[in-house]
2 protein chains.
Amino acid sequence: MGKANKILLPILSSWLDLDGDDSDVVMSSRVRIARNLEAVKFPIAGEDELLPERVKGILDADYMLMKMSDLSLLERALLVEKHLISPYLMNKSKFGAVLINEAENSSVMINEEDHLRIQCMEPGLRLFDALERAMYIESEIENEVPFAFNPELGFLTSCVTNVGTGLRASVMVHLPGLVLTKRFNKMAEAIRSVGFVVRGIYGEGSNSLGHIFQISNQVTLGKTEEEIVMDLTQMMEQVIMQERVCRTHLKQKFHITLEDRVFRSFGLLKHARILTMLESLNAISDLHLGMELGVFEHITRQKINELILFSKPAFLRRAAGQDMLELEEKVIRASVIRDILQDV
Amino acid sequence: MGKANKILLPILSSWLDLDGDDSDVVMSSRVRIARNLEAVKFPIAGEDELLPERVKGILDADYMLMKMSDLSLLERALLVEKHLISPYLMNKSKFGAVLINEAENSSVMINEEDHLRIQCMEPGLRLFDALERAMYIESEIENEVPFAFNPELGFLTSCVTNVGTGLRASVMVHLPGLVLTKRFNKMAEAIRSVGFVVRGIYGEGSNSLGHIFQISNQVTLGKTEEEIVMDLTQMMEQVIMQERVCRTHLKQKFHITLEDRVFRSFGLLKHARILTMLESLNAISDLHLGMELGVFEHITRQKINELILFSKPAFLRRAAGQDMLELEEKVIRASVIRDILQDV
């Protein structure tokens, strides 16, 4: 695997195991800042070959530089599944690169759609912490590399939707309560009506695999970074409250049905010999809900994260150490998941 | 429970745990002989009040007499689920009675559709053994009680389909191989074309719950008892061979799919909190198949029989010690099944 060994070896990003605020609903928070070099063509028109090494020289020593052209397709796919790079960067192998810190909670994509995309992640609902870290990285780089900036518009970006702050704040949330009580669609409508975007992580609408959704800001212009993060945080507090109300309702009114659902899913993960990604992510969502509601107490949040990651194709390929046919993939998924649940 | 305690206490009939011939396919063999008293109205027109005590006096001391009028509805239902009495006798409580031996493999129903219905059961394919025991009991009774007999027709019975030998020979078979490879319907057609009856034990056709079927003779007239039993036995040897061919095919060509099916069913039985009879019998059938094919080796035939019996409503009611609502029944079924599988 060459240079990537150090980053790719830890299976789970260590920050994922930490407990964040409101972790029962919010799996993680992410802030991403897009910036472009002044007086240099934007990557969408031309990449900057020297930029990766230049930025590496600016950042702390614990950032490791990985050039897309040095990584195998599998290695790049693993970084996507860990949310450390975007699918866009993965397929852009000329001068595309990423800097990732040891904790794997900060990364700087270079020559993606914009010259720089600084990204910080936190467990739970901690958008302000993520923003603070991202702004710090941004200011460090800005000291050495002037950014394209327009006094009226703000920071300039390749895609017009990012112009202004260049900020995208997002949370990854687990909303089984809203989905199972059929209140998700109404909630999604309300979220959209105040200018945020909701989308399924592995599918659209309430059919999203594993009841996991990403909620992010749409507007990057006309608000400060702090206002964007504050608005999303406040809106999320409403979502979290509603999700908890639905879960309590499920637990109180449908306790045995809920328990049945959770334990059937456990039985499936624990014993099946063939598992599709759809089946496993939905079953993991049930375990996750069961864990949060105290219906299924034998599992940790870390195991849940591990189960989710190993349900995905690249992690599975890595575990198998080989490419797989479709049936093999399902068989290996079932086998890896049984291993993870061995003592559960 | 009064008089019935002794018979009703052993949960499983002890003979069920014995290995019979071809037990991988044939769960049990049964022979039933219908007889009526000479010069007495047949029960369908009038029951014989004194007959129960009279027959008890003839049989061995280990036969216990149980009058339907002395038994609760639950106790009668348990006897039906153990196949010791017919549903017809269960609901006929005036002078209906049954004599059952300690091993629970012989019973004599009295004042059922006929005055006497002698019934002997054996594990596996052992119709001749069952016939021999039934004929012995019949001869013992005949020494004391003359039977209605017509030199041209043979023994007379309430229902014309039983006239002649009054014999019904039947086997209970587990045919998952034929069903799963979609060859059951053709086989059932072939069985019917040579004068036998095939019916699902808990449903009709290939939708029979748990892939369990009863195959029996239709003709009781114009053949000797031995001929009937010989014909059914020979036909069964064909069915057994075909079922084994299908199972081997499943194991060789679809091994991982078969294993997945068996272990998913195990996971369901082991972890579900709500189980319908349909779900549990179908899942037990998969475990049963897995056991016979060496795919699932952690279970015994005795456990399989226990699981089947406790999936049924009366056994469940007995385990619960109370009457149940529909949801409660499914919850208690799941709980009892988990208990049975505790160490599996």
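What you see is a predicted model; the values in this text were computed from it and never measured.

Turning to the pattern of salt bridges, a few remarks are in order. Residue and element names in this part refer to chain A. As enumerated under the stated definition, the model contains 40 salt bridges over all chains in all. The closest approach of N and O atoms between D24 and R244, which form a salt bridge, is 2.8 Å. Taken together, the residues span a long stretch of sequence, with D24 in the loop between α1 (5-8) and β1 (26-35) and R244 in helix α8 (residues 225-253) at a distance of 220 residues. Among the residues examined, D24 registers a relative accessible area of 18% and is labelled buried.

Now for helix α12 (residues 313-320) of chain A. All buried positions along α12 of chain A are accounted for by A314, F315, L316 and R318 of chain A. Immediately downstream of α12 of chain A, the backbone of G321 of chain A shows phi near 70°, a positive value.

All names here are of chain B. Ordered by their spatial adjacency, eight strands build an open sheet running β2-β3-β4-β5-β1-β8-β10-β9, and the pairing between neighbours is antiparallel. The open sheet terminates on both sides in strands that have one partner only, identified here as β2 (64-67) and β9 (196-200). Within the sheet, the average angular offset between the axes of one strand and its neighbour, ignoring direction, is 20°. Pairing of β9 with strand β10 (residues 212-217) involves five bridges; the strand directions are antiparallel. In the sheet register, V198 faces β10, and the bridge partner there is I215.

Right, let's talk about the interface of chain B and chain A for a bit. Listed by partner, the interface residues are 17 residues for chain B and 17 residues for chain A. A per-residue breakdown of the area chain B buries against chain A is headed by R264, H271 and R273 of chain B, which together make up 41% of the total. Between the two partners, chain B and chain A, sit four salt bridges. Where R264 of chain A meets E279 of chain B, a salt bridge forms, and the shortest distance between an N and an O atom there is 2.8 Å. Taken together, the links from chain B to chain A amount to eleven residue pairs in polar contact (both at pLDDT 80 or more). Counting residues per element, the ones that place at least two in the side of chain B that touches chain A are α9 (255-271) and α13 (326-340) of chain B. Considering only residue class, the side of chain B that touches chain A consists of nine nonpolar, three polar and five charged.

Residues and elements named next belong to chain A. If you check the domain split of chain A, you get domain 1 (3-223) and domain 2 (254-340). Distance between the C-alpha centres of domain 1 and domain 2: 26 Å. Of the residues lining the interface, 25 residues belong to domain 1; the matching set on domain 2 comes to 22 residues. Counting the surface lost from both domain 1 and domain 2, the interface buries some 2200 Å², and carbon and sulfur atoms represent 66% of this. Our enumeration of links across domain 1 and domain 2 arrives at zero salt bridges. Along the contact surface separating domain 1 from domain 2 lie eight residue pairs in polar contact (both at pLDDT 80 or more). Of all the elements, helix α3 (residues 73-81) adds the most residues to the side of domain 1 that touches domain 2, at four residues.

For the rest of this paragraph, the subject is unusual backbone geometry. Residue and element names in this part refer to chain B. Unlike most non-glycine residues, E104 shows phi in positive territory, near 60°. Among the secondary structure elements, E104 is positioned in the loop between β3 (97-100) and β4 (106-110). Residue E104 is classed as buried on the basis of its relative accessible area of 2%. Unlike most non-glycine residues, K182 shows phi in positive territory, near 60°. Tracing the chain through its elements places K182 in the loop between α6 (176-180) and α7 (184-193).

Judged by side-chain polarity, L153, V219 and L221 of chain A come together as a nonpolar surface patch covering roughly 240 Å² of accessible area. By secondary structure assignment, the location of L153 of chain A is in the loop between β6 (149-150) and β7 (154-155).

Moving on, we come to the sheet that holds strand β3 (residues 97-100) of chain A. All names here are of chain A. Within the open sheet, the eight strands sit side by side as β2-β3-β4-β5-β1-β8-β10-β9. Their pairing is antiparallel. Strands at the two margins of the open sheet, each flanked by one partner only, are β2 (64-67) and β9 (196-200). In this sheet, adjacent strand axes meet at a mean angle of 20° when their direction is disregarded. Looking at chain direction, β2 and β3 are connected through four bridges and run antiparallel. Within the sheet, the bridge partner assigned to L65 lies in β3 and is L99. Against the sheet, helix α5 (residues 127-144) touches β1, β4 (106-110), β5 (116-123) and β8 (167-174), its axis set at about 150° to β5. Across the sheet, helix α7 (residues 184-193) is in contact with β9 and β10 (212-217); its angle to β9 comes to roughly 145°.

What follows concerns the relation of the copies chain B and chain A. The operation relating the two chain copies consists of a rotation about an axis and a shift along that axis. For the pair chain B and chain A, the relating rotation is 180°, the translation along its axis is 0.1 Å, and the fit reaches an RMSD of 0.0 Å. Such a combination of turn and shift is consistent with a two-fold rotation axis. Closest to the rotation axis within chain B is the C-alpha of G267 of chain B, separated from it by 2.1 Å. When the interface residues of chain B are mapped onto chain A, 100% of them again fall at the interface, so both copies present the same face.

This part takes up the packing of aromatic side chains. All told, the structure shown has twelve aromatic pairs over all chains when counted by the stated rule. Consider the rings of F147 of chain A and F155 of chain A, whose centres lie 6.5 Å apart with planes at 75°: the pair is edge-to-face. Exposure remark for F147 of chain A: the relative accessible area of 5% places this residue in the buried category. The buried category is assigned to F155 of chain A, whose relative accessible area is 12%. Where F149 of chain B meets F155 of chain B, the ring centres are 4.8 Å apart and the plane angle is 70°; that geometry is what we call edge-to-face. Seen from the ring of F155 of chain A, R35 of chain A lies directly overhead, with NZ or CZ sitting 3.5 Å from the centre. Over the ring of F263 of chain B we find R273 of chain A, and its NZ or CZ is 3.6 Å from the ring centre.

Here the focus is the environment of V219 of chain B. Mapped onto the fold, V219 of chain B is located in the loop between β10 and α8 (225-253). Residues V219 of chain B and L167 of chain B lie 52 residues apart in sequence; the distance between their C-alpha atoms is 8.7 Å.

Our focus in this paragraph is the packing of helix α11 (residues 301-311) of chain B against helix α12 (residues 313-320) of chain B. Residues and elements named next belong to chain B. Their axes nearest at 5 Å, the elements α11 and α12 cross at an angle of 90°. With respect to α12, the axis of α11 lies roughly perpendicular. Facing α11, whose interface residues are L309, F310 and S311, α12 presents P313, F315, L316 and A319. Tallied by class, the residues present in the contact of α11 with α12 amount to six nonpolar, one polar and no charged.

Definitions and cut-offs
Residues numbered from 1 in each chain as written. Chains lettered and ligands numbered in written order. Predicted model: local features only at pLDDT ≥ 70, side-chain atom pairs only at ≥ 80, totals over all residues. Heavy atoms only, no water. Salt bridge = Lys/Arg side-chain N within 4 Å of Asp/Glu carboxyl O. Helix = DSSP H or I, 4+ residues; strand = E, 2+ residues; numbered from the N terminus. Buried < 20%, exposed > 50% of the residue type's maximum accessible area, 1.4 Å probe, protein only. Pairing = 2+ DSSP bridges. Axes fitted to C-alpha atoms, helices over the stretch in contact; angles between N-to-C directions. Contact = heavy atoms within 4.5 Å. Buried area = accessible area lost by both parts, 1.4 Å probe. Polar contact = N/O pair within 3.5 Å; in protein donor to acceptor, adjacent residues only side chain to side chain. Nonpolar A, V, L, I, M, F, W, Y, C, P; charged D, E, K, R; others polar. Domains from an automatic or database assignment. Patch = residues over 30% accessible without salt bridge, like charges linked within 9 Å, V, L, I, M, F, W, Y side chains within 5 Å. Areas by Shrake-Rupley, 256 points an atom, 1.4 Å probe, with all protein chains shown as cover. Least-squares fit on C-alpha atoms with pLDDT ≥ 70 in both. Phe/Tyr/Trp six-rings, centres within 6.5 Å; stacked < 30°, edge-to-face > 60°. Lys NZ or Arg CZ within 6 Å of the ring centre and 35° of its normal. Parallel < 35°, antiparallel > 145°, perpendicular 65-115°, else oblique.

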